[in-house]
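# Understanding the architecture of this molecule
Read off the chains here:
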There are 2 protein chains.
Amino acid sequence: MADRSTRRRVGIGDVAARAGVSHATVSRVMNGNTTVNSAIAARVQAAAAELKYKPNPVGRSLALGKTETIGIVVPDLSNPTFQSILRDVSIAAARDGYRVLIADSSEVSSEEAILAGEARRRCDGVVLCAPRMSQDDLEELAPTLHPLVLINRTTEHSSTPSLVVDYGHGIQQLGAHLVELGHRRIAYLTGPERSASNVQRLRGLEKFVQDYPEVELQFIPGGNTYDAGNEASDAVASCGATGILVFNDVAAMGLLHGLSERGIRVPEDLSITGYDDMPFARYTMPGLTTAAVPITQLGSLAWRRMREHIKQADAESPTDHFEPHLEIRGSTAPPKA
Amino acid sequence: MADRSTRRRVGIGDVAARAGVSHATVSRVMNGNTTVNSAIAARVQAAAAELKYKPNPVGRSLALGKTETIGIVVPDLSNPTFQSILRDVSIAAARDGYRVLIADSSEVSSEEAILAGEARRRCDGVVLCAPRMSQDDLEELAPTLHPLVLINRTTEHSSTPSLVVDYGHGIQQLGAHLVELGHRRIAYLTGPERSASNVQRLRGLEKFVQDYPEVELQFIPGGNTYDAGNEASDAVASCGATGILVFNDVAAMGLLHGLSERGIRVPEDLSITGYDDMPFARYTMPGLTTAAVPITQLGSLAWRRMREHIKQADAESPTDHFEPHLEIRGSTAPPKA
DNA sequence: CTGAAAGCGCTAACAG
DNA sequence: CTGTTAGCGCTTTCAG
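Residue numbering note: each chain is counted from 1, following its sequence as written. By the order in which they are written, chains take letters starting at A while ligands take numbers starting at 1. Under the rules for a predicted model, residues below a pLDDT of 70 receive no local features and side-chain atom pairs below 80 are neither given nor counted, while totals for whole chains, interfaces and linings still include all residues. Heavy atoms throughout the structure, all of them, feed into the side-chain values; hydrogens and water do not.

### Comments concerning the sheet that holds strand β9 (residues 271–273) of chain A
All names here are of chain A. Quick reminder of the rule: Note: two strands are recorded as paired if DSSP finds a minimum of 2 bridges between them. Think of it this way: any DSSP run of H or I at least four residues long counts as a helix, any run of E at least two long counts as a strand, and we number them from the N terminus. Axes, fitted as lines to C-alpha atoms, cover a helix only where it is in contact. Angles between the N-to-C directions of the axes lie from 0 to 180 degrees.
Spatially, four strands are ordered β7-β6-β8-β9 in an open sheet, and the strand pairing comes out parallel. Strands at the two margins of the open sheet, each flanked by one partner only, are β7 (216–220) and β9. Between one strand axis and the next, the sheet turns through 20 degrees on average, direction left out of account. With five bridges joining them, strand β6 (residues 185–189) and β7 adopt parallel strand pairing.

Next comes the structure, spelled out in structure tokens:
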């Protein structure tokens, strides 16, 4: 039983009493049911206003079987990519009167299923953002979450819409751009191993070397943080490549700093590319050539798919593809003669 | 009535039936009530496991009068400061089994009260982060939100703990640092007008000019974004000052880029300081001298205060102060002779 | 130690 | 058009 405050919050019964009607009528008025006599409705509105009555959403949720809340689980809230997705989803959902509950798995893949399940029980649906779990685990989990929207992963489960950024294509474009500038010795500074988007970049690079057999491609272990990029500076400086494809803009910025400290000029001595076109990418020095991910559309589309499935359980479940496009700035140029 | 799925989720009744006991007993077992006969308890556990039963949190919340969720309302989720607070609060809360619901007011101060109220109704408490609303509005709102924790604002209301960063002190330190280097003509590139933390910096600067009457201080309109900093480049370049205090690291980075494009060297021609010591601040070129805000402690302390008030309505409500400390990097140096 | 029953705050059939 | 009543899924008194 609930009784934790000295005097209870004002409930539907208080309004009913004050307006001299039943709860049911108050409920009808609060929900804009027009079949209520307007005089009575006015009386109820007045009573509600005087008491500053607001319906208790928990009671409402229990009765309606919906919470008007969605959950979003991300691998790491400190990652700008996920921050930006979170923000866009949240804004899109808010426009339709929905809220978002967040869950951060801290990159622990075994937590993802638990967090997603919990979120699902409290919410009308969940968006799983770039989950790190294995494909098998994902296939098993997806059906239990139903209104589920997947970002940067796909599943066999027929009623799960996916939104995927074609990271492979973006990195191919960046590579091609370097080749056109005249680079032949190229290195890829890798991202986190568990990241599906890193794997996609690697696949894209396989195609890239097929398309340009004259290119000599090597791989340098990196990461997705400023520090990781910075720490790779020595390895990059000594690898012999003239063009470096970096996993993302964050790592690229760290690398840029480290190279500058070592007296290596970009783009004169070395060309650098980032990935994502984060807000700061145009303000590094020099500005970063990068692949822009249309991330704003992504958040709002994720919400749209979610809303469709909330409204209608068997709504369509397409896989939406997002194509990054090249954003050429000052960090790339022809190699030294 | 709720009936939107073809077959309902498994509820407490299903487990009870399967184990041949009453709902009450299942409830007791699920809540670890030890007064249950262990044989029966085992039977219930088994039944629950077979059916993959998980208690419905909405029903639970209604009965218990608590949701184990807190709300956090921020002015703008794209602001790195708030992202970082959100993340830290969320991680701290998660450790105690609480979740967080987010609300972004999009810098619209009139939305704050509404969002906070809604969040409060669905949650056990709310964290109001740097609200833009007037002091009067805040005083009126605070008592209605009770378990309320305020970040970067304070209120008269006796049972509202506050966490405030002493932005004024930090900017004084930055100013003093410039003076020690020999700067006398200094400019402050301002932040958003409605931002309390900008106001605090302005107050700190008042004291700063009192302490150093030899300093000539001017103000240049800025903002809190990369673009705002960048757009202020011309104004900064022509203002005659030799040291620029920028509202935060983000704007400082934008400015750095703009100055570089105009051939102005930092720190040789102009010294620049940021504020916040965001993760990228050490990787701008040159690295930013800035005031580091101990923001991680802030998030976990905010949660601790919140938890205290959830557990005990009349818990203490101190105002916790956070002192920024100087972080000196390459963007400041003595002025040109 | 267990079950029956009431109640959390609300919505929605169903009568009237 | 309005009130009565049942019920959403769970917890907790209160008897037994």
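### So, the pairing of strand β2 (residues 99–104) of chain B
For clarity, the cut-off: Whether a residue is buried, partly exposed or exposed follows from its accessible area with a 1.4 Å probe, protein chains only, as a fraction of its type maximum: under 20%, in between, or over 50%, in that order.
Counting buried positions over the six residues of β2(B) gives six, a clear majority of the element. Burial along β2(B) is two-sided: the residues B:R99, B:L101 and B:A103 and B:V100, B:I102 and B:D104 are all buried. The pairing of strand β2 (residues 99–104) of chain A with β2(B) spans three bridges and is antiparallel. Across the sheet, A:I102 pairs through a bridge with B:V100, a residue of β2(B). As defined by bridge partners, strand β1 (residues 69–74) of chain B adjoins β2(B) across six bridges and the pair is classed as parallel. Bridging across to β2(B), B:V73 finds its partner in B:A103.

### Concerning the protein's contact with DNA strand D
Heads up, the condition is: Neighbouring residues are identified by heavy atoms, a residue being near a molecule or strand if any of them is within 4 Å of it. A 3.5 Å cut-off defines polar contacts: any pair of N or O atoms within that distance qualifies, except that in protein one atom must be a possible hydrogen donor and the other a possible acceptor, and neighbouring residues in sequence count only when both atoms are side-chain atoms. Each residue receives one of three labels: charged for Asp, Glu, Lys and Arg, nonpolar for Ala, Val, Leu, Ile, Met, Phe, Trp, Tyr, Cys and Pro, and polar for the others, Gly being one of them.
In the vicinity of DNA strand D, 28 residues are found, and the nearest of them are A:R28, A:I40, B:I12, B:S27 and B:R60. The side chain of B:N31 places a nitrogen or oxygen atom 3.0 Å from a phosphate oxygen of DNA strand D. With respect to DNA strand D, the backbone of B:G59 contributes an N or O atom lying 3.1 Å from a base nitrogen. Secondary-structure elements contributing two or more residues to the surface near DNA strand D are α2 (23–30) and α4 (57–64) of chain A together with α2 (23–30) and α4 (57–64) of chain B. Per-element accounting of the surface near DNA strand D gives the leading share, five residues, to α4(B). Here the residues of the surface near DNA strand D sort into 15 nonpolar, nine polar and four charged.

### Concerning empty space enclosed by the protein
For clarity, the cut-off: Site definitions follow a grid-based scheme: protein atoms alone, a 1 Å grid, a 1.4 Å probe that fits but cannot get out for cavities, and for pockets an open set with protein on both sides within 12 Å along at least five of seven lines, plus lining residues having an atom within 4 Å of a point. Grid points are joined across faces, edges and corners, and a volume is the space filled by probe spheres set on the points.
One pass over the full model with this rule turns up five cavities of 30 Å³ or more. Lining the largest cavity are 15 residues; nearest its centre among them are A:T67, A:T69, A:R122, B:T67 and B:R122. Contributions of two or more residues to the lining of the largest cavity are made by α4 of chain A together with α4 of chain B. Split into classes, the residues belonging to the lining of the largest cavity amount to seven nonpolar, six polar and two charged.

### A few points about the interface of chain A and chain B
Spelled out, the test is: Should any heavy atoms of two residues lie within 4.5 Å, those residues are considered in contact. As a working definition, buried area equals the accessible area (1.4 Å probe) given up by two parts on being put together, with both sides summed. Salt bridge, as applied in this entry: a Lys or Arg side-chain nitrogen positioned within 4 Å of an Asp or Glu carboxyl oxygen.
Taken together, the contact between chain A and chain B spans 50 residues of the former and 50 residues of the latter. When chain A packs against chain B, close to 4,400 Å² is buried across both sides, 62% of that on carbon and sulfur atoms. Its largest share of buried area at the contact with chain B, chain A owes to A:R121, A:Y283 and A:M285, together 18% of the area lost on that side. In this structure, the connection of chain A to chain B is made through four salt bridges. For the side of chain A that touches chain B, the secondary structure elements donating two or more residues are α4, α5 (80–95), β2, α6 (109–122), α10 (226–231) and α12 (249–261) of chain A.

### A few points about the packing of aromatic side chains
Convention followed: Note on aromatic contacts: the rings of Phe and Tyr and the six-membered ring of Trp form a pair at centre separations within 6.5 Å, being stacked when their planes are under 30 degrees apart, edge-to-face when over 60 apart, and tilted otherwise.
Taken as a whole and assessed by the stated rule, the structure comprises 14 aromatic pairs over all chains. Here the aromatic rings of A:Y98 and A:W303 are separated by 5.0 Å at their centres, their planes lie at 50 degrees, and the arrangement is tilted. Of this pair, A:Y98 sits in the loop between α5 and β2 while A:W303 is found in helix α13 (residues 295–311), placing the two residues 205 residues apart along the sequence. The class of A:W303 is buried, set by a relative accessible area of 3%. With a centroid separation of 5.4 Å and 50 degrees between ring planes, the pair formed by B:F208 and B:Y212 is classed as tilted. Overall, the relative accessible area of 1% leaves B:F208 in the buried class. An aromatic cluster of at least three residues, connected via ring pairs, comprises A:Y226, A:F280, A:Y283, B:Y226, B:F280 and B:Y283.

### Concerning the domain arrangement of chain A
All names here are of chain A. To be explicit about the condition: Those domain boundaries reflect an automatic or database domain assignment.
When cut into domains, chain A gives domain 1 (4–64), domain 2 (69–165 + 295–323) and domain 3 (167–293). Here the C-alpha centroids of domain 2 and domain 3 sit 29 Å apart. Listed as interface residues are ten residues of domain 2 and, on the opposing side, twelve residues of domain 3. Buried area between domain 2 and domain 3, summed over both chains or domains, comes out near 1,000 Å², and the portion from carbon and sulfur atoms is 45%. Its largest share of buried area at the contact with domain 3, domain 2 owes to R132, V165 and E323, together 47% of the area lost on that side. The interface formed by domain 2 and domain 3 holds five residue pairs in polar contact (both at pLDDT 80 or more) in total.

### Some thoughts on the sheet that holds strand β11 (residues 319–322) of chain B
Strand order in this open sheet of twelve strands is β11(A)-β5(A)-β4(A)-β3(A)-β1(A)-β2(A)-β2(B)-β1(B)-β3(B)-β4(B)-β5(B)-β11(B), and the pairing throughout is mixed. With partners counted over all chains shown, the strands left at the sheet margins are β11 (319–322) of chain A together with β11 of chain B, one partner each. Strand-to-strand twist of the sheet, defined as the mean angle between neighbouring strand axes without regard to direction, takes the value 20 degrees. Bridge analysis of strand β5 (residues 162–165) of chain B against β11(B) gives four bridges, and the strand direction is parallel. Each bridged residue has a counterpart across the sheet, and for B:S162 the counterpart in β11(B) is B:T319.

### A closer look at helix α3 (residues 38–51) of chain B
Residues and elements named next belong to chain B. Note the threshold: One less than the residue count of a helix, multiplied by 1.5 Å, gives the span that helix is expected to have. Think of it as the arc spanned by the lines of direction from the helix axis to the C-beta atoms.
Under the 1.5 Å per step criterion, the end-to-end length of α3 is 20 Å for 14 residues, consistent within 8% with the ideal 20 Å. Here α3 has its buried residues at A41, V44, A47 and A48. For α3, the angular spread of the buried residues around the axis is 125 degrees, confining them to a single face. Exposed and facing more than 90 degrees away from the buried side of α3 are S38, A39 and A49. Looking at the buried positions of α3, the neighbouring elements they touch are α1 (12–19) and α2. By the N-cap criterion, in which a side-chain oxygen at the helix start approaches the backbone nitrogen of a residue two or three places on, α3 is capped by N37, the distance to A39 being 2.7 Å.

### A short note on the relation of the copies chain A and chain B
Basically, it comes down to this: Least-squares fitting of one copy onto the other uses the C-alpha atoms of those residues that reach a pLDDT of at least 70 in both copies.
With an RMSD of 0.2 Å, the fit of chain A onto chain B corresponds to turning through 180 degrees and sliding 0.1 Å along the axis. Taken together, the rotation and translation describe the operation of a two-fold axis. Rotation axis and chain A: the residue whose C-alpha lies nearest the axis is A:L101, separated from it by 2.2 Å.

### Let's talk about unusual backbone geometry
In the segment running from A:V266 into A:P267, the intervening peptide bond is cis, with an omega of 10 degrees. By secondary structure assignment, the location of A:P267 is in the loop between α12 and β9. Residue B:M285 is joined to B:P286 through a cis peptide bond whose omega torsion reads -5 degrees. Relative to the helices and strands, B:P286 resides in the loop between β9 (271–273) and β10 (290–292). Positive phi, close to 55 degrees, is recorded for B:E68, a residue that is not glycine. You can see B:E68 is positioned in the loop between α4 and β1. With a relative accessible area of 25%, B:E68 lands in the partly exposed category.

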